[in-house]
Amino acid sequence: MATAKTTTDESDVGILCYISQLPGFRGILKQRYSDFIVNEVDNDGNVVHLTSLEVPAQLAEAAEEGENKVSNQIGKSYASEIEAFRSLAGDSDGERFEAFLTQFTAGSEESNNISPILLSPDSDKAHRTAMHNFFKEKFKFLVTDTVDGPDASSKCIRVRLNPGGHNNGGRNSKKRKDRSGKPFDSRGSYHWPEHLGKFLRFHLYKENKDTQEAIGLIGKMLGIQPRSFGFAGTKDKRSVSTQRVTVFRQHASRLAALNDRLIGIKVGNFCHVKEGLVLGQLLGNRFTVTLRGVIADSETTIKGSADSLGRHGFINYFGLQRFGSGSVPTHLIGAALLRGEWKSAASMILDPREGERDVVRKAREYYRESNDIEGTLRQLPRHLIAERAILQCLKKCPGNYLLALKAIPRTLRMMYVHSYQSYLWNHAASVRVQKYGIDRVVVGDLVYCKGDDTARETSGFNSECEDHSCDDMYDCSNLDETSGTYVPEWKNTPVKAVTAEDISSGNYTIDDVILPVPGSRVSYPTNDIAKVYHDLSKKDAINLAESVHSVKYFTQCFPSNTL
C-alpha cells in the first residue's frame, strides 16, 4: 500500500511479513488529510469525540470565584507582608517591590499594563526557592520566574501579575511584550479553587496539524509553555484527529475563548481532573480510512483482503508514520541518541531532507552552509518545533548539543527513542510470525499472568520507566527550581514466559502473546526471539542492557506491544 510523501519502505523498518497470503492491492493513503480520521480511545474504551465547545456552568462559576478572590487581594494593605519580604530580600528589593505593589489598585483597568520588575541578582538557588515560595504563599495574584542575571553565574527573579489571574484572558487583553526573550510562566494560576482538580482536561480536534504544533500554538496564545500540557499519544499530522489533552491549572473559559481565533483547531468537552495525561495512557485509536486510486487484480482480491482482515486481524506493527515522513527516518536519530552521539543526532534533525517544501529546504540548506542561527530562525517555519528548539539553545549555548537536544519538548524528544524501539519490535514481530506462525503459543513466549499464575511469575515487567523525572522540557535559558510536572506512578505488570505445562493446559492463546518494546528494565522472551532484539541493536552499537551514557532522558524503558 503506497503512502504519501515518504521515502521509507516498510521493509526498512522491520515490516517483513503479513498474515494474509493474498496478493493484496495498492492504493493511495492520505491523498487528502480528511481521508485519515483518528479518534483516540481512552483506557475505559470510550472513543473520543469533540461534542461541545461550551464551558460547563460549574467550571465558569469556579473561574469567576477565583477571579473575585484575586480582585479582593489586589489593593488591600500588605504592610506586614512587605516587612517580611524586606527581611528576606533586603532593603533595596523591599523598596523596589513596595513601589511595584502600590501600582495595583482594586478594580484598576490598567493593572495588566504594569511592567514586571526584576529583583537583585541572586546566585543562591536555595534563597531563590525561598523567595518563590514566599510569593506563592503571600501574593497569589503575582507570579515569579527566574531569568538570566547581568553575568553568567547569576540569576534574577522576575515578578509580575499572574497571567491566569485578575482581569486577564479575554480576546481583547493587551499582548505582553516585555518578555526579555524568555517564555512566561507555564505553571498556571496559583489562586486555584481547592475543590477543582489541578488539571483541565479537554478534547483537541485538529485538521492537518500534528499534536505538538497544535499544542504549541494554543500555549503561545495562552502565554504558557508546551510542558504545561499532557497527552496520551501524538496523532498523525495529515489527518483529522480528536484526542484528550490536559493542561495544568487553566480555566476552561480561557481555552474556549480561543476557538474563534484558531484555524483548523477546536477545543471543548472541558472538565477538571486530578492528574495530567502522560504518554501511553490510552487503549488505542479508532481509524476511519479512505483509500483512493485503488489498483488490484480484481474486485475479488479487494473483498478477500477485507474479509481476511475482519476474520484474522493483522500484525500490530508500528506503521511508517512512527518513523517520520522525511528522508532521515526518526529511528536513526533515536539510535544516535542512545549511543550518546549528540552532535550527530542534532545534525540529522537539522540537515536538509528530501520531500520538504522549498521554504523549509532553503532554511535547512542556509544553516548548513552558513551556520547562521539567527538568520535560519527567521526563515524556519514555527511548526518545526524540534529544529527551532535546538537552534535557540545553540544560540545561547554554542556547541552544547546535549543541552540543545534537551530543549526539545520531552514528548517530541522521546519519540526519536520510541522510534528506534519500534524498529526493533517490528523486526522481532516479523521473525516471531515467520518462525512460529500466528495460530499457536510456543514455549518461551511472554504473556500477562492470569489468575494463580501471578503467584508464580518468572519476572516483572515494568510498564513505565522508573525514572519519573519532573523536568518535562529543558531550556538552556533556565527552567528553574519552581518548575515541575506531576507524573502518576505506574505499577508493575506481572508477565511470565510460557511453559510446556501452560501449553498442555491450554491456558494461553496467541491472543495473549506480547512482545516487549525493548529497554533496560524489561523481560524478554526466553526463546530465540530475544536474540533478534540483541543482535540487531548490537549491529547499531547499542547495548539494550546497559547504556553507554548516563543521560536518563534518552535511556528510558517503555511498555510492551501485543502481536
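Because the structure is a prediction, the values reported are computed rather than measured.

**Student:** Kindly report on unusual backbone geometry, identifying the contributing residues and their values.
**Tutor:** The phi dihedral of Lys30 is positive, around 65 degrees, even though this residue is not glycine. As for its placement among the helices and strands, Lys30 is situated in the loop between β2 (26-29) and β3 (36-41). The residue Asn208 is not glycine, and still its phi comes out positive at about 55 degrees. Looking at the secondary structure, you find Asn208 in the loop between β7 (199-207) and α5 (211-222). The exposure class assigned to Asn208 is partly exposed, which follows from its relative accessible area of 29%.

**Student:** Please provide a residue-by-residue account of α5, values included.
**Tutor:** For α5, which comprises 12 residues, the first-to-last C-alpha distance of 17 Å matches the rise-based estimate of 16 Å (1.5 Å per residue) to within 8%. Of the positions making up α5, those classed as buried are Thr211, Gln212, Glu213, Ala214, Ile215, Ile218, Gly219 and Leu222. Remark: Gly223 follows α5 within two positions and exhibits a positive phi of approximately 80 degrees.

**Student:** Please set out the packing of helix α14 (residues 410-436) against helix α16 (residues 529-539) residue by residue, giving values where relevant.
**Tutor:** α16 packs onto α14 with a crossing angle of 140 degrees between their chain directions and a minimal axis gap of 9 Å. Relative to α16, the element α14 lies oblique. When the axes of α14 and α16 are compared, the crossing they make is right-handed. Only Ile529, Val532, Tyr533, Leu536 and Ser537 of α16 make contact with α14, whose side of the interface consists of Tyr420, Tyr423, Leu424, Trp425, His427, Ala428, Val431, Arg432 and Tyr436.

**Student:** Residues and numbers for the sheet that holds strand β5 (residues 142-148), please.
**Tutor:** The antiparallel open sheet is built from 3 strands, whose spatial order is β4-β6-β5. Of all the strands in the sheet, the pair left with one neighbour each is β4 (117-118) and β5. Pairing between β4 and strand β6 (residues 155-161): 2 bridges, direction antiparallel. In the strand pairing of β6, Ile117 is matched with Val159. Packing of helix α4 (residues 125-138) onto the sheet brings it into contact with β5 and β6, and relative to β5 it is tilted by some 160 degrees.

**Student:** Give me the lowdown on the pattern of salt bridges, citing residues and values where you can.
**Tutor:** Within the structure shown, the criterion is met by 23 salt bridges. Linking Lys30 and Asp236 is a salt bridge whose minimum nitrogen-to-oxygen distance equals 2.9 Å. Pair noted here: Lys30 is in the loop between β2 and β3 and Asp236 is in the loop between β8 (229-231) and β9 (240-248), with a separation of 206 residues, a long-range link. Exposure class is identical for Lys30 and Asp236. Each is buried. Taken together, the shared-partner salt bridges connect Glu40, Lys235 and Arg244 into one network.

Conventions used here
- Residues numbered from 1 in each chain as written.
- Predicted model: local features only at pLDDT ≥ 70, side-chain atom pairs only at ≥ 80, totals over all residues.
- Heavy atoms only, no water.
- Helix = DSSP H or I, 4+ residues; strand = E, 2+ residues; numbered from the N terminus.
- Buried < 20%, exposed > 50% of the residue type's maximum accessible area, 1.4 Å probe, protein only.
- Expected span 1.5 Å × (residues − 1).
- Axes fitted to C-alpha atoms, helices over the stretch in contact; angles between N-to-C directions.
- Parallel < 35°, antiparallel > 145°, perpendicular 65-115°, else oblique.
- Left-handed = near helix turned anticlockwise from the far one by under 90°.
- Contact = heavy atoms within 4.5 Å.
- Pairing = 2+ DSSP bridges.
- Salt bridge = Lys/Arg side-chain N within 4 Å of Asp/Glu carboxyl O.

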